[in-house]
Amino acid sequence: MAVLKCDATIPERDKHILIKGEGQDGKCSIACNSATTPGDMTERGCTYAGCRGVVGGPVQDAIQLTHGPIGCAFFSWGYRPHIADSDFHMKYTFVSDMDESNVVFGGEKKLLQSIIEANEAFPEAKGVFIYNTCTTALIGDDGKDVAKIATEKIGKPVVFFPCEGFRGVSQSAGHHVGNETIFKNLVGTAEPEEDSAYSINILGDYNIKGDLRTFEPLFEAIGLNIVARFTGNVKVDELKVMHRAKLNVIHCARSATYVADMMEAKYGTPSINVTLWGIENMSKALRDTAAFFGLEHEAEKVIKREVAKVMPKIEFYRKRLAGKKVFIYQGGPRAWHWPELLEELGMETIGAATTFGHADDYQKIYEKVNDGAFIIDNPNVPELEEILLTLKPDLFISGNKEKYVAYKLGVPFVNGHTYETGPYAGFSGMVNFARDMDKALSAPVWKLVKDMAQPVPGGLEEEVA
Ligand code: CFM
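Residues numbered from 1 in each chain as written. Predicted model: local features only at pLDDT ≥ 70, side-chain atom pairs only at ≥ 80, totals over all residues. Heavy atoms only, no water.

### Digging into helix α13 (residues 296–321)
Reasoning step 1: Most pronounced at Met311, the bend in α13 amounts to some 40°, and the proline Pro312 follows within four residues.
Reasoning step 2: Among all positions of α13, only Ala299, Val302, Ile303, Glu306, Val307, Val310, Ile314, Tyr317 and Leu321 are buried.
Reasoning step 3: Where α13 is buried, its residues touch α9 (212–221), α12 (279–293) and α18 (426–442).
Reasoning step 4: Just downstream of α13 lies Gly323, where phi reads positive at about 90°. (Bend = angle between axes of the 7 residues up to and from the residue. Helix = DSSP H or I, 4+ residues; strand = E, 2+ residues; numbered from the N terminus. Buried < 20%, exposed > 50% of the residue type's maximum accessible area, 1.4 Å probe, protein only. Contact = heavy atoms within 4.5 Å.)

Right under this line is the structure:
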């Protein structure tokens, strides 16, 4: 019998479920990062989504041009709040708008024309990023060649991302393509006017709802210069010189380790892994980074000052949140970052899931949850409903796609992807996170829902009960 009732017709899903317990030798042997089982209504994104939406999209002064049908451009535009000093990339999206006749006769001419037109309309852009889609890959358009011709024509870097949607099993492959393409086409193509011995890149932060402003000033306060962010609030010109930083500080290990590895191989740039969420983690991130440069003393001063500012507020929320049980469903790493934050607030992670996590992500989740915790890879909506009804978490942390599932079932919800208010990074962000969880849990509406709502007769709730 399937672990979850709703999986009776897709027994393959059982391999993607694990309950932490004895006899597992500390190893999380869950099936993950593999092709979705046919019939499973997956919530995953495609390779194009991971490349255009996650890694390339935040670059603030590039023309973000989708080579494909207009729907691909529309649905990858504007949903992720990776804000920047210039809102060019959020305000506009561009597409070659492939239609049936272009599919029959080829879209290369149309792509070249789109690049030229877009550049004429927005001469302030510092480059053009072209993202390949399933359609244009299947008909064999040579976007790379078009990019080469266009670079000469417009005199700016035109970068082609081979991120056709079907290329990998999830958006995770798109991160890889995004890293590799930016590395090969931009990194090291210019030299900075000034060089600093105390310089870092922040890799794998995308400035969701302004995350950067919570921690950038802290790194600067200990005496460090940030050359480039990969890719939150970054400019094309900053990506070109990022090879000159002395250290890569990796925040999202899933989406940005690739570029760190390539920089290490080519330029010898060392890197460290950090987590910029949570009081303990943020302190450790500053400490570890500072230690590389011999700035330990400065770091301690900053940590002491900043932690003192937020601790009274954290204590306030800790009293209100302690003991609450949480189910987490994130794209990848956040599912292993949040349990640590929740623990700082006295809360417990009773279940965790990711959309596209790899084995290393699941191992980290496994090590951070207690025995009996429910771990599931890439859950679909019926599975989520069943989990929320049987596990009965006090709080569900997930994303926009799952928000209404939680609301309908009367489960308090916090958006861990794009945040309720945010930002959630850094010391000050931890206060926002705690406050949003408290708001979700204490909202009077849940009592009304529980008192007044009637389950659908014969619905899932009855069946599970
Ligand atoms: Fe890294 Fe991200 Fe995440 Fe991610 Fe994402 Fe995101 Fe996420 Mo949503 S880069 S892997 S592809 S931390 S958009 S900012 S929140 S699923 S866990």
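### What to know about the pairing of strand β7 (residues 225–231)
Working note: regular strand, side chains alternate between the two faces of the sheet.
Reasoning step 1: Taking burial as the measure, the seven residues of β7 include six buried ones, the bulk of the element.
Reasoning step 2: Taken together, the six bridges between strand β6 (residues 199–205) and β7 define a ladder with parallel strand orientation. Along β7, the bridge assignment pairs Asn201 with Ala228.
Reasoning step 3: Read as a crossover between parallel neighbours, the route from β6 over α9 to β7 is right-handed. (Pairing = 2+ DSSP bridges. Right-handed = clockwise from strand over helix to strand, strands pointing away.)

### Thoughts on the site of the ligand
Reasoning step 1: Around the ligand sit 13 residues, and of these Arg80, His175, Cys252, Arg334 and His417 come closest.
Reasoning step 2: A class-by-class count of the residues in the shell around the ligand yields six nonpolar, five polar and two charged. (Near = heavy atom within 4 Å. Nonpolar A, V, L, I, M, F, W, Y, C, P; charged D, E, K, R; others polar.)

### Details of the packing of aromatic side chains
Reasoning step 1: Under the defined criterion, the tally for this structure stands at 24 aromatic pairs.
Reasoning step 2: Judged by centre distance (4.6 Å) and plane angle (35°), the rings of Tyr424 and Phe433 are tilted. As far as the burial class goes, Tyr424 and Phe433 line up, both buried.
Reasoning step 3: Among the aromatic residues, ring-to-ring pairing joins Phe327, Phe396, Tyr404, Tyr407, Phe413 and Trp446 into one connected group.
Reasoning step 4: Lying across the ring of Tyr366, Lys20 places its NZ or CZ 4.8 Å from the centre. (Phe/Tyr/Trp six-rings, centres within 6.5 Å; stacked < 30°, edge-to-face > 60°. Lys NZ or Arg CZ within 6 Å of the ring centre and 35° of its normal.)

### Looking at the sheet that holds strand β3 (residues 94–95)
Reasoning step 1: Judged by pairing direction, the sheet is parallel, and its four strands sit side by side in the order β3-β2-β4-β5 without closing on themselves. Edge positions in the sheet fall to β3 and β5 (158–161), since each of these pairs with one other strand and no more.
Reasoning step 2: When strand β2 (residues 62–67) meets strand β4 (residues 127–132), the two strands line up parallel, connected through six bridges. The residue bridging Leu65 from the neighbouring strand is Ile130, located in β4.
Reasoning step 3: Here helix α1 (residues 47–56) sits on the sheet and contacts β2, β4 and β5; the angle it forms with β4, its principal contact strand, is near 155°. (Axes fitted to C-alpha atoms, helices over the stretch in contact; angles between N-to-C directions.)

### Focus on the packing of helix α16 (residues 381–391) against helix α17 (residues 400–408)
Reasoning step 1: Running from amino to carboxyl end, α16 crosses α17 at an angle of 45°, the nearest separation of the two axes being 10 Å. With respect to their mutual orientation, α16 and α17 come out oblique. Of the two possible hands of crossing, α16 and α17 adopt the one that is right-handed. Here Val381, Leu384, Glu385 and Leu388 of α16 lie close against α17, whose contacting residues are Glu402, Val405 and Ala406. (Parallel < 35°, antiparallel > 145°, perpendicular 65-115°, else oblique. Left-handed = near helix turned anticlockwise from the far one by under 90°.)

### Some details on the pairing of β5
Reasoning step 1: Going residue by residue along β5, you find Val158 and Phe160 tucked away on one face and Val159 and Phe161 tucked away on the opposite face as well.
Reasoning step 2: Where β4 meets β5, four bridges bridge the pair, whose relative direction is parallel. Among the inter-strand pairings, Phe129 is bridged to a residue of β5, identified as Val159.

### As for unusual backbone geometry
Reasoning step 1: At the junction of Phe230 and Thr231, the peptide bond is cis and its omega measures out at 0° in the coordinates.
Reasoning step 2: With respect to the secondary-structure elements, Thr231 resides in strand β7.
Reasoning step 3: For Asp25, which is not glycine, the phi torsion reads 50° and is therefore positive.
Reasoning step 4: Following the sequence through the fold, Asp25 ends up in the loop between β1 (17–19) and α1.
Reasoning step 5: The phi torsion at Asn33 lies on the positive side, around 50°, for a residue other than glycine.

### Overview of a nonpolar patch on the surface
Reasoning step 1: On the surface, Phe74, Phe75 and Tyr79 cluster together into a nonpolar patch covering about 380 Å² of accessible area.
Reasoning step 2: Take Phe74: it is sitting in helix α2 (residues 70–74). (Patch = residues over 30% accessible without salt bridge, like charges linked within 9 Å, V, L, I, M, F, W, Y side chains within 5 Å. Areas by Shrake-Rupley, 256 points an atom, 1.4 Å probe, with all protein chains shown as cover. Salt bridge = Lys/Arg side-chain N within 4 Å of Asp/Glu carboxyl O.)

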